[in-house]
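# Fold and geometry: a report
One letter stands for each residue in the lines below.
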Amino acid sequence: NINVLETSEVGDKEITIYNETGAKESEYDLFYIIPPVEVTGVLPNRITIGAQDFKIQIDGKQFKEGPPTVKIKGLGIEVTSVTFSGSNQIFADINVNDDLEPGNQDIIVTNTDGNFGKGSLVELYEKINISMLNPNYVTLSEGTTHQDISIIGSNFTNDPADPEITFSGDGVTIKPNSIVF
């Protein structure tokens, strides 16, 4: 049973075996310490509870083709596929159950050789719920400008840089600086 400390130097190690008479034998090229996998970032790092077929980008170091396996701490988060992009980047498709609690989750990346790394880089947050528009039903004619509406619901963020509101089809836009919380 061998333990390798985090402070161990990466590289080839000499193995020396001694017997009871004091004789010894040394050999190189049999034992090598490799650098650990590092998970340095996840994009996007905020995932909605209940998300399905959601793709995340995982940045780090020492990822190996194979591809690595990805696990996100917590029951109810399923990694459905992993795509190797390079030693510093992989992609994972995930499904998140509806009944999980918000909060930070650890992500663990394990190469096929067993080398792994972990980071607390994923935050689960509540699904946005739109309950009403004010006025209740909005009908606007083409060419209408500066019409105010209120979207009422729950779990909106208070970060003005974060919200994105879109409408299906073409031709309806919202000025980013007009969103008020």
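Everything here concerns the structure above.
What counts and what doesn't
- Residues numbered from 1 in each chain as written.
- Predicted model: local features only at pLDDT ≥ 70, side-chain atom pairs only at ≥ 80, totals over all residues.
- Heavy atoms only, no water.
- Buried < 20%, exposed > 50% of the residue type's maximum accessible area, 1.4 Å probe, protein only.
- Helix = DSSP H or I, 4+ residues; strand = E, 2+ residues; numbered from the N terminus.
- Pairing = 2+ DSSP bridges.
- Patch = residues over 30% accessible without salt bridge, like charges linked within 9 Å, V, L, I, M, F, W, Y side chains within 5 Å.
- Areas by Shrake-Rupley, 256 points an atom, 1.4 Å probe, with all protein chains shown as cover.
- Salt bridge = Lys/Arg side-chain N within 4 Å of Asp/Glu carboxyl O.
- Polar contact = N/O pair within 3.5 Å; in protein donor to acceptor, adjacent residues only side chain to side chain.
- Contact = heavy atoms within 4.5 Å.
- Core = buried A, V, L, I, M, F, W, Y, C linked by side-chain atoms within 4.5 Å.
- Axes fitted to C-alpha atoms, helices over the stretch in contact; angles between N-to-C directions.

### Digging into the pairing of strand β2 (residues 24–33)
The element β2 is largely exposed, with a buried count of 1 among its 10 residues. Count of turn residues in the strand β1 (residues 11–18)/β2 antiparallel hairpin: 5 residues, of which Gly22 carries a positive phi of about 95 degrees.

### Describing a nonpolar patch on the surface
Residues Leu133, Ile149, Ile165, Phe167, Val172 and Ile174 make up a contiguous nonpolar surface patch of roughly 430 Å² in combined accessible area. Structurally, the position occupied by Ile149 is in the loop between β11 (129–134) and β12 (150–154). Assessed through its relative accessible area of 33%, Ile149 is described here as partly exposed.

### Digging into the side chain of Asp93
Looking at where Asp93 falls in the secondary structure, it is placed in strand β8 (residues 89–96). In this structure the side chain of Asp93 is engaged in a polar contact, spanning 2.8 Å, whose partner is the side chain of Ser81. Contacts of Asp93, omitting those with residues within four sequence positions, involve Phe54, Lys55, Glu78, Val79, Thr80 and Ser81.

### Examining the pattern of salt bridges
A side chain of one charge can pair with a side chain of the opposite charge when the charged atoms of the two come close. Applying the stated criterion across every chain, the model contains 4 salt bridges. One salt bridge in this structure joins Arg46 and Glu123, with 3.6 Å as the shortest N-O distance. Of the two residues, Arg46 is situated in strand β4 (residues 46–48) and Glu123 in strand β10 (residues 116–125); the sequence distance between them amounts to 77 residues. Of the residues examined, Glu123 reaches a relative accessible area of 31% and is grouped as partly exposed. Linking Asp113 and Lys64 is a salt bridge whose minimum nitrogen-to-oxygen distance equals 3.2 Å.

### Looking at the nonpolar core
Counting 21 residues, the largest nonpolar core has Ile47, Ile56, Ile58, Ile107 and Val109 as the members making the most contacts within it. Elements supplying a minimum of two residues to this core: β3 (38–43), β5 (54–61), β6 (69–72), β8, β9 (103–110) and β10. Here this core takes 4 residues from β8, the largest share from any one element. In this view, Ile47 contacts Phe54, Ile56, Ile94, Val96, Val122, Glu123, Leu124 and Tyr125; residues no more than four positions away in its chain are not counted.

### Remarks on the sheet that holds β3
The strand order across the open sheet formed by 4 strands is β3-β5-β8-β7, and the pairing between neighbours is antiparallel. Looking at which strands have only one partner, the edges of the open sheet turn out to be β3 and β7 (77–86). Neighbouring strand axes in the sheet, compared pairwise and without regard to direction, differ in orientation by 30 degrees on average. Two elements, β7 and β8, share 8 bridges in a ladder whose sense is antiparallel. When the sheet's bridge partners are listed, Val82 is paired in β8 with Ala92.

### What to know about the sheet that holds β10
Here 4 strands make up an open sheet; going across it, the order is β4-β10-β9-β6 and the pairing mixed. The open sheet has two free edges, formed respectively by β4 and β6, since each of these has just one partner strand. Recorded for the sheet is a direction-independent mean angle of 35 degrees between the axes of neighbouring strands. The sheet contact formed by β9 and β10 spans 7 bridges and is antiparallel. From the neighbouring strand, Ile107 faces β10, where its bridge partner is Gly119.

The values are spatial; any link to function lies outside them.
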